[in-house]
Amino acid sequence: MSLTELAFFALAIVAIATGLLALLVRELVHTILWIGIFFVDLAAIYFLLEAPFLGVLQLGVYAGAVTILLLFGIMVTRKRIFSRDAATGVGALPIALAVVTFIFLIGALGQLPGSAVPAASYSVASLSTLLFNTEAPYLLLLGLVMLAALAGAIYLVREGRE
Amino acid sequence: MTGGLASLFGWAFLVPLLPALAFIVIGLFGTRLRRLEYGGWIAVGAAAVSMVLALLIALGEMASPDTYTSLSYTWFSLPANPTFPYGFSLVIGTLVDPISSLMLIVVTVVGFLVLLYSIGYMHHEHGLARYYAELSLFLTAMIGLVLSNNLLEFFLFWELVGVCSYFLIGFFYEKPSAASAAKEAFLITRIGDVLFLLGIFIFFYVYASAGPAGLHWASSGFLFAYGNLPFLAGSLGANTPLLTIAGLCILAGAAGKSAQFPLHVWLPDAMEGPTTVSALIHAATMVAAGVYLLAMTSIFLGFTPTDQLAIVAIGGFTTLFAATMAVVHTDIKRVIAYSTISQLGYMVLAVGAGFAMVGLYHLFTHAFFKALLFLAAGSVIHAIGTQDLFKMGGLKRHLRVTGAAFAIGGLALAGIPPFAGFWSKDDILSSVYSVAGSHPDYWPFLIMAMAAVFLTGYYIFRVWFLTFSGDRIRDPTLPTPHEGPWVMQVPLIVLSGFAVGAGLLIFLPGFANLFLLPGGVAALGIPPTYGTTDLLLSVLGVALGGGGILTAWALWGNGRMVELPEGSLWSSGRKVLLNRYYFKVAYDAVGAKAVYSVARAADFFDQFVIDGTVRGIEQLFSRISDRMRRIQSGVVSDYAAYVVAGLLAVFVLLLLVGPYLVNWVGGG
Amino acid sequence: MTTLPVGDFLALASGLVAISIFGILTRRNFILLLIALEIGMNAAILSFVYFAAFPQCVTAATCHPLTGQAIAVVVIGLAATEVAVGLAIVLALHRIRGTTNVAEADSLKL
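Here we summarise the structure given alongside this text. (Residues numbered from 1 in each chain as written. Chains lettered and ligands numbered in written order. Predicted model: local features only at pLDDT ≥ 70, side-chain atom pairs only at ≥ 80, totals over all residues. Heavy atoms only, no water.)

It is worth spelling out the overall build of chain B at this point. Check the secondary structure of chain B and you find 23 helices and four strands. When each of the 668 residues of chain B is scored for burial, the buried share is 54%. Put simply, 82% of the contacts in chain B that link residues at least 6 apart link residues at least 24 apart. Total accessible area on chain B is roughly 27000 Å²; 71% of this is exposed by carbon and sulfur atoms. (Helix = DSSP H or I, 4+ residues; strand = E, 2+ residues; numbered from the N terminus. Buried < 20%, exposed > 50% of the residue type's maximum accessible area, 1.4 Å probe, protein only. Contact = heavy atoms within 4.5 Å. Areas by Shrake-Rupley, 256 points an atom, 1.4 Å probe, with all protein chains shown as cover.)

When you go through chain C residue by residue, the secondary structure sums to four helices and one strand. In chain C, the succession of α and β elements from N to C terminus is β-α-α-α-α. When each of the 110 residues of chain C is scored for burial, the buried share is 58%.

Turning next to the interface of chain B and chain A. Listed per partner, the contact involves seven residues of chain B and four residues of chain A. Carbon and sulfur atoms make up 94% of the surface buried where chain B meets chain A, a total of about 510 Å² over both sides. When the area that chain B buries against chain A is broken down by residue, the three leading residues are Leu648(B), Phe651(B) and Leu655(B), summing to 66%. At the surface where chain B touches chain A, the tally comes to zero residue pairs in polar contact (both at pLDDT 80 or more). Across the side of chain B that touches chain A, the residue classes break down as seven nonpolar, no polar and no charged. (Buried area = accessible area lost by both parts, 1.4 Å probe. Polar contact = N/O pair within 3.5 Å; in protein donor to acceptor, adjacent residues only side chain to side chain. Nonpolar A, V, L, I, M, F, W, Y, C, P; charged D, E, K, R; others polar.)

Residue and element names in this part refer to chain B. Counting through the fold element by element, Pro79 comes out in the loop between β1 (70-78) and β2 (88-95). Taking the relative accessible area as the measure of exposure, Pro79 reaches 62% and is therefore exposed. Pro79 sits ten residues away from Ser89 along the chain, and the two C-alpha atoms are 8.4 Å apart.

Moving on, we come to the pattern of salt bridges. Residues and elements named next belong to chain B. Applying the stated rule across the entire model yields seven salt bridges over all chains. Between Glu272 and Arg334 there is a salt bridge whose closest N-O contact spans 4.0 Å. Taken together, the residues Glu272 in the loop between α10 (266-269) and α11 (275-284) and Arg334 in helix α14 (residues 332-352) connect sequence positions 62 residues apart. Accessibility expressed as a relative area gives 17% for Glu272, which makes it buried. Judged by relative accessible area, Arg334 falls into the buried class, the value being 16%. Among the ionic pairs, Asp626 bridges to Arg630, the shortest N-O distance being 3.5 Å. Remark: Arg630 and Asp626 occur in helix α22 (residues 583-631); sequence separation between them is four residues, near one turn of the helix. For Asp626, a relative accessible area of 31% translates into the label partly exposed. (Salt bridge = Lys/Arg side-chain N within 4 Å of Asp/Glu carboxyl O.)

Turning next to the interface of chain C and chain A. Each side of the interface is counted separately: chain C has 70 residues, and chain A has 80 residues. Buried surface at the junction of chain C and chain A, both sides included, amounts to about 6900 Å², of which 78% is carbon and sulfur. Its largest share of buried area at the contact with chain A, chain C owes to Leu4(C), Phe22(C) and Arg95(C), together 10% of the area lost on that side. Across the chain C-chain A interface, the total number found is three residue pairs in polar contact (both at pLDDT 80 or more). Those elements giving two or more residues to the side of chain C that touches chain A turn out to be β1 (4-5), α1 (6-26), α2 (30-52), α3 (55-59) and α4 (67-97) of chain C. Top element by residues in the side of chain C that touches chain A is α4(C). It accounts for 24 residues. Considered class by class, the residues forming the side of chain C that touches chain A number 49 nonpolar, 16 polar and five charged.

With that settled, consider the nonpolar core. Counting residues in each nonpolar core, the largest one holds 207 residues, and the members touching the most others are Trp266(B), Phe406(B) and Tyr459(B). The leading source of residues in this core is helix α15 (residues 356-384) of chain B, at 21 residues. For Trp266(B), the residues in contact, after removing those within four places along its chain, are Ile169(B), Glu184(B), Ala185(B), Ile188(B), Thr189(B), Gly256(B), Lys257(B), Ala259(B), His282(B), Met286(B) and Val287(B). Counting 75 residues, the second largest nonpolar core, distinct from the first, contains Ile32(A), Leu127(A), Ile31(C) and Ile39(C). (Core = buried A, V, L, I, M, F, W, Y, C linked by side-chain atoms within 4.5 Å.)

Right, let's get into a nonpolar patch on the surface. The grouping of Trp11(B), Phe13(B), Leu17(B), Leu21(B), Ile24(B), Val25(B), Leu28(B) and Phe29(B) at the surface amounts to a nonpolar patch, some 740 Å² of accessible area in total. The exposed category is assigned to Leu28(B), whose relative accessible area is 55%. (Patch = residues over 30% accessible without salt bridge, like charges linked within 9 Å, V, L, I, M, F, W, Y side chains within 5 Å.)

This is the structure we're talking about:
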């Protein structure tokens, strides 16, 4: 077992564990903590897969912005930040669906041959060349979506509606 | 004159069209036309114009009897196909020939006079707009029937007159007896109509596929065509049994319409309708349509010998059978109704024996004197407000016109010369007698018909004596009678004229042409062909009729009453007759048993199978939707679960079907 | 450079999707719901990055090895947007209903 593989295993176990913990802990602020770790962990996996730009993006957008945003959401919707969420039962159906999906994905995609060979390091410049040439329309579309989302968000939280 | 009148034949369609217009106008605006007797005068006017047109057409036929025009419009036609090698078409058109113009006279003249009489007779009733509209519709249908140039069109109008009859019998629909009489008439004639339709189908089956030369009857649209008559003559042989059945079906249809045994029960009950309706529909025209059908069938299609015997038997038996019941009844209209059945029996007898035109001759004369009798009876009812003979009496001093008219009608009915009935009835008897030698089977029915002549004279003058003779009204509570207005008296007088002279019309130059079959074949024996035996027969007939009258005088004349001793044979016989031989009871019992069991089964089927299915479907969806409704909880997580489940389902489906799909797309 | 077996990777990605689904279906708090969604999104992004490095893609002439990463960039952007809108909804819901429990927001009307 190579070092890369070992590292992947370790990171994978951490990702699964933090993801589960984030959803299962009763304290919402703890959830933010765990999800932050989860995001950082995934960023590490991206570095492992020789995708450093994405790793940085993950750190910046997810571990940074999204986590803070979520924390912010919790802060403004609670009187006391540390307060337990009402316990929610865990039904058989959700677990069954989750397990079936898991098995299904493993089974269906496990048929794929070969394994990934992380490419040699590449320059961020080549990625940006790709993004702003071939993939430019998608980037533009993303920009439009973000604009619409911004407008929608402002509309939703605007005062004086009732 | 000749050419001018013959050119009218093409306009014959106007004759039924005018009452049809009257029907539409009265039907739409009748209730607002108070001044015009709620449209009554419109109906009278339309009928009058129709009558003039019809008389002109008849004059044209009298002048040149062979001409007839047929204005045909093809409704639709099927091309030749393996089932019907000559194709099939439905046409609508008019046929103007001596026979139809004869019928036109009857229908329009009686129709006009009855409508005129109605103005006075019906004046106090409610729903007059309905009455005149329906009567106009009836005239339309009846004229359409006699002008039909093919059997299917004939059947269409045949049903239409039946519907009008139903409406008009049930005119006083608030009265339960009238409503049930209307239903009875409709249902019993329906039995005949269904068989009639079946007969048409059989004719269609035989003639649509049968061979060449003149047998393209169905393909040309069931036309009453003179070119190759009768069809039957050329197509007997292997088809004889089928055609016999078809003929019997036609007979059943005619028996239903003309109230012949055993479908006679509805006609006496139909007297629940207004007397005018009885006069027009249930004496002069519609009930004669059955005879007309038999005549048309015998001329254009022909009957097999078996059919002929059946027709003779039905007709001959009915004459006597109905006459016996007329003897005892005390309702003035019912007696005349039984007399109508009996007289229709004579016509059926004549047609069956092969003398279609003789039968139509009696139809012609009978229409006038029977309408006269009904209208006179209506005048009596109008004057004193009862139909019970035993409450009347001594009316001749108050109702001179009516009494005289009834007497003339009675004499015509009894067959006393020179009144109309004598000529035609005598003609029937001598005609049937002339073939009885070669058809010994006809003898019993001829004798029955002869016996009925005696009863006819008796029962009709029993009515006259009970009503008009004597010196006082038996029921003193009745109002003092007085004659109706002029609109009621004029029809009585005119019809009296016809009752005297309709038989003598045969001596009018050209009139006999109306009784010619095309090709110049004279189908009417008298008056020119009197032989010794015919003379004897006539004397016998008159003697029987006169004897009946004398008997009636002896028993009931001058206000006399006959009391039958209780418990005697006479009395029990009278009971049987008053109960109409228990036919109605039996029909009711059979109907109740058979129909109700069928109805119960149908009801069961309807309630449990059909309704059950419907309710089941309803409950199924109701339950499904009830369950489905719970899916819409509004909770986001639930929707997410459905999305995931659906996604999985799509995955599974792709896994299962995917390989085939790839093959299929790839193969394509 | 060593290789990462597809089975190992799939175990991780599928596990994350399963966790995400589990979270979406069981959590009632809107913020937790968003977090569960983000976990699923990350599984998708991870897949893009991983399969971009797949040998079949690296060697094929028609497939750029960086395309997967480019898509991943776009998806990260979308995911961030989604969180922003989601939080706006949370705030609106909180203001109108005084709760962030999605089970209580089960009608379309206010």
